[in-house]
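# Coordinates in review
Residue-level listing of the chains:
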Amino acid sequence: MNKRRCAIVVVALALYAALISVAWCVGTSEAMHKTEVLLDYAILDFRSTIFGAIDTMLGHIAKSSVRSFGQARPHTIEEMQVFAKVLDIDEINIVDRTGTIIAANDPRCLGVSLLDFPESGKFMVLTNGTTTTYSQQFRAGAHNPDVRRKYLGAAFPGGNGFIQVGFDEKHLSGLLVEMLGYVFDEWLLGEKGFFLCADVNTDRMISNPARHRDEATCLMEAGFDSEAARAYELKGETGTGETFVQTLFGEKCYCRNYVFGGHRFVPAVPESEYFGLRTAYVTVFVVLLFLVLAAFGWFVDRVMRDADSLKAYWASEDKRRAKDLAIASTIQNAAMPNVLPADPRFRLAADISAAKEVGGDFYDYFPLDDSHYAFLVADVSGKGITAALYMMTAKTLIKDTLLALHDPAAALTKVNAELCRNNPANMFLTAWVGVLSIETGYITFANAGHNPPVVMRKDGPPRYLRPMSGCMLAIMDGIEYKSRMTRLKVGESLLLYTDGVTEALDPHEVLFGDNRLLDVIGAARSYAPSHICKLVRTAVAAFADGSPQADDLTILALQYLAPPRVFSHLFPATRAGIAEATEFLDKSLESVGLAESPHAASLNIILDEITSNIVNYSGAHGFEVDITVVENPSSVTLVFSDDGTPYDPLGHIDPDTTLSAEERPIGGLGLLMVKKMSNEVVYTRGHNRNILKVVKSFPAVENF
Amino acid sequence: MQIEKKQDGSKLLLRVVGRLDTNTSPMLDAELKLDGINELEFDIGELEYVSSAGLRVFLGAQKAMNACGGKMTIKNPNATVKNVFDITGCSGIFNIV
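Okay, so let's go over this structure. (Residues numbered from 1 in each chain as written. Chains lettered and ligands numbered in written order. Predicted model: local features only at pLDDT ≥ 70, side-chain atom pairs only at ≥ 80, totals over all residues.)

### With respect to unusual backbone geometry
Residues and elements named next belong to chain A.
- The phi torsion at H406 lies on the positive side, around 70°, for a residue other than glycine.
- Considering the arrangement of structural elements, one finds H406 in the loop between α8 (384–405) and α9 (408–421).
- Judged by local crowding, H406 falls into the partly exposed class, with 15 C-beta atoms found within 10 Å.
- Positive phi values are uncommon outside glycine, yet E509 reaches one of about 65°.
- Summarising the element assignment, E509 is placed in the loop between α10 (499–502) and α11 (514–522).
- Residue classification places E509 among the exposed positions, given that 7 C-beta atoms sit within 10 Å. (Helix = DSSP H or I, 4+ residues; strand = E, 2+ residues; numbered from the N terminus. Buried ≥ 20, exposed ≤ 12 C-beta atoms within 10 Å, placed from the backbone.)

The following block contains the structure:
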């Protein structure tokens, strides 16, 4: 059994225990409630029975006395005492209609007016001629507070006075035994509960549940602890008392303790009455719950096992996907051209940053002829290997078509027709295709549903190039794309990108957006393509701030530079020739605005060194100087060619510049200076000529 | 190139203006008559640039001064000229002020 299964079992058992405890508590509370109700009922039922019986008895006595006396008139104390004794009552008074006792068995009562006592005064209802009997509950007597006495009155005919009889509570003892003794024996509470009734003083039981009769004759023998029950003793005519626990006849019982009429009445409900049921319920619950939990455990285990196999499947699926992605990524990378064009008339840089799940982004650039250069960015729908393969197809198709037709719109129209013809996977793509006229800076372009490029002008902030776009490729057959034109001046740039840039999300799911892209580019100090690519990519990464890259991010920037200006002249290999060449260089630099450049002196020194070398040592008849000026980043290339003896100046060892004036051979310094003052020196020999190319580059002028 | 020359006994002052290259260096070389001179001073504040041909003239003059125990000073080179002196190691040989 593994750890997880152990954990499930432990949790299930804990749950099981918790639920059983809850069931037990609920069962206990329910049983207790039922027991209490039963005991309440027992007390109330008992009291109504007793008091009902006493009322009936006293009513009977009073009424028969009324009949015997006939009318309210005085009788001697002796007569009244005999009467009371015969009737077995404790007090008897004859009261006239004014409320005065005119005859009594107790001399203290004679002449007393009932109106002087609030409770006794209530008996005056018997004089209004409508009420024939009136009774009150046991209360402390007027003459002896220790004696609780009950009074009942019966009126003489016409309300002409009445007879009042009193009966003491302690007098009830014998009566109760007589009245109720047999009743208690059969008085069952619920199924198993019973009543115990015993004399308060002797503890002797006047009743005993039938089944226990032979076993006990007093409460103590039944197991009743009077001391413990004292705190729960209930007296009087109201309330039902408090429940307490005693062990009676060897069984735990819930009891009440009611003392009345010199007797103690103990209704008792054995625990088994209701609590037995609780145990049964809980047992059933325990079994059922166990079954439910077992089934649940089996189910969970099953689910877990399924989850395990699912996880294993996912792991293998992940591996497969990772492999797919690696393949897709390889295809994507292999498809992109990675050698930047070396044409000095424009610069181009491109960057693709594949998402984890490779999308179908691609860019491409290639020359159409000497003066036209094609460049494009496209985004294939979907991701992964399918998109990568489709991308390959689309890329090849676009390139081939463009090479054949040259016009972007015509090419896209044909590509669309081709892609629509065979598109089982319902893929589609967006593409922006441009062709740069290298000599003029004009760009002819067509857009198939792609994001508008950003154009960066010298005289204004970057903005989107947004003529109407055509439909996406491979969606609908027969679409005609239209070519449009824009022109880049020297130093101006165009930025193509895919939606991986503008739809990049930050951690709060905010879009990078079109405006942010303009802001980023607007802040650029240089519009050099490589700089822009880096800038945009860095900005997107900073914006995403660790959020996973959802889509490929492709950027392609192109900057137009003027076609280089070339000056070329042939000079005789003489001192005068050198002077002419110097003048030629001065004029050339002046014509391109570089006469005042701090680099002009270096170029002059270079020219002087090389030409004097040729004149002095090569034996050439003449030499040619070609000056090529490229703007921004500016570079001046000097190419010297002569028909002298083969001589590679670079093959010489540079002189030791640490020697003193005496030690130093004069000479050799010139070539050292050329090397140090230029960026590139290349010697070639061809067509029987020495050709030396020296390139001097200046830092790019910033801000365009 | 223009050369202004001023001699004060054994002290020779030369102000060189323009460019000192293959074509102009021989002119400067020709102006350097150093017999009896033991203090030589070039003011090159208005010298645009100097090529190796010009350097050779300066180096020759320095050697001549060293040989007779004289003293040579080059004053006010511009950035280009100073750069050439640095590249060629001449900064350590000439007394430049």
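On we go.
### Observations concerning the pairing of strand β27 (residues 635–642) of chain A
Residues and elements named next belong to chain A.
- Counting buried residues along β27, six of its eight residues qualify, which places the element largely inside the surrounding structure.
- Two strands pair when backbone bridges link them, and strand β26 (residues 622–630) and β27 are joined in this way by eight bridges, in the antiparallel orientation. Residue D626 lies in a different strand from β27, and its bridge partner there is V639.
- Here eight bridges tie β27 to strand β29 (residues 689–697), and the two strands are oriented antiparallel to one another. Its bridge partner lying in β29, V639 is registered against K693. (Pairing = 2+ DSSP bridges.)

### Some remarks on the sheet that holds strand β25 (residues 565–572) of chain A
All names here are of chain A.
- The strand order across the open sheet formed by five strands is β25-β26-β27-β29-β28, and the pairing between neighbours is antiparallel. Bordering the open sheet on either side are β25 and β28 (680–686), each of which pairs with just one other strand. For this sheet, the mean angle separating the axes of adjacent strands, direction not counted, is 15°.
- Examined bridge by bridge, β25 and β26 share eight bridges and lie antiparallel to one another. Paired with F571 across the bridge in β26 is F623.
- Relative to β27, helix α14 (residues 600–618) is tilted by about 5°, and along the sheet it contacts β26, β27 and β29. (Axes fitted to C-alpha atoms, helices over the stretch in contact; angles between N-to-C directions. Contact = placed C-beta atoms within 7 Å.)

### Here we look at the packing of α14(A) against helix α15 (residues 669–677) of chain A
Residue and element names in this part refer to chain A.
- Packing of α14 against α15 brings their axes to within 9 Å, and their N-to-C directions diverge by 145°. Helix-helix and strand crossings are classified by hand; for α14 and α15 the assignment is left-handed. Between α14 and α15, the residues in contact are S602, I605, I606, E609, I610 and N613 and G670, L671, M673, V674 and M677, respectively. (Left-handed = near helix turned anticlockwise from the far one by under 90°.)

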